[in-house]
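Coordinate analysis (summary)
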Amino acid sequence: MESALFAWALAQPAGSRAAVLAAAYTGGVTRVTFEGRTVEYRSLDELARAIAALYGAENAASRRPGVTLVQFSRLG
């Protein structure tokens, strides 16, 4: 897993989905319970992909393209 992704997940508030997934990953556990639901991941790699997907979903706004306004005028 990318260290930046993992650092982001660990920096999330305790009890958040990202923090729970990161704690499971560091503990080598593939069964995660969050908000009363339990998910059994097939591998730590699949768990890492879940963290990456969560990161992408929560940070989609920062990847949106900017808007540029262009104006033209005729001289003369």
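Structure: above.
Thresholds applied
Residues numbered from 1 in each chain as written. Predicted model: local features only at pLDDT ≥ 70, side-chain atom pairs only at ≥ 80, totals over all residues. Heavy atoms only, no water. Helix = DSSP H or I, 4+ residues; strand = E, 2+ residues; numbered from the N terminus. Polar contact = N/O pair within 3.5 Å; in protein donor to acceptor, adjacent residues only side chain to side chain. Buried < 20%, exposed > 50% of the residue type's maximum accessible area, 1.4 Å probe, protein only. Axes fitted to C-alpha atoms, helices over the stretch in contact; angles between N-to-C directions. Parallel < 35°, antiparallel > 145°, perpendicular 65-115°, else oblique. Contact = heavy atoms within 4.5 Å. Nonpolar A, V, L, I, M, F, W, Y, C, P; charged D, E, K, R; others polar. Core = buried A, V, L, I, M, F, W, Y, C linked by side-chain atoms within 4.5 Å. Expected span 1.5 Å × (residues − 1).

**Focus on the side chain of threonine 30**
- Here threonine 30 shows up in the loop between α2 (17-27) and β1 (31-34).
- Among the polar contacts listed, one links the side chain of threonine 30 to the side chain of glutamate 40, at a separation of 2.9 Å.

**Some thoughts on unusual backbone geometry**
- Its identity as a non-glycine residue notwithstanding, glutamate 35 has a phi of 50°, on the positive side.
- Within the secondary structure layout, glutamate 35 lies in the loop between β1 and β2 (37-40).
- The exposure class assigned to glutamate 35 is exposed, which follows from its relative accessible area of 65%.

**Things to note about the packing of helix α1 (residues 3-11) against helix α3 (residues 44-58)**
- Packing of α1 against α3 leaves a shortest axis separation of 10 Å and a crossing angle of 75°. The angle between α1 and α3 places the two elements in the roughly perpendicular class. Of the residues in α3, those touching α1 at Leu5, Trp8 and Ala9 are Ile51, Ala52, Leu54, Tyr55 and Glu58.
- Residues belonging to the contact of α1 with α3 are distributed by class as follows: seven nonpolar, no polar and one charged.

**Looking at the nonpolar core**
- Ranked by size, the top nonpolar core spans 13 residues in total, and within it Ala9, Leu21, Val32, Tyr41 and Leu47 carry the most contacts.
- If you list the elements that add at least two residues to this core, you get α1, α2 and α3.
- Aside from chain neighbours lying at most four places away, what touches leucine 47 is Leu21, Ala24, Tyr25, Val29, Val32 and Tyr41.

**Notes on α2**
- For α2, the set of buried residues is Ala18, Ala19, Leu21, Ala22 and Ala24.
- Buried residues along α2 sit against α1, β1 and α3.
- One or two positions beyond α2, positive phi appears at glycine 28, with a value near 75°.

**Details of α3**
- With 15 residues, α3 extends 21 Å from end C-alpha to end C-alpha; this agrees with the ideal 21 Å at 1.5 Å per step.
- For α3, every residue scored as buried is listed here: Glu46, Leu47, Ala48, Ala50, Ile51, Leu54 and Gly56.
- In this structure, the buried side of α3 is in contact with α1, α2 and β1.

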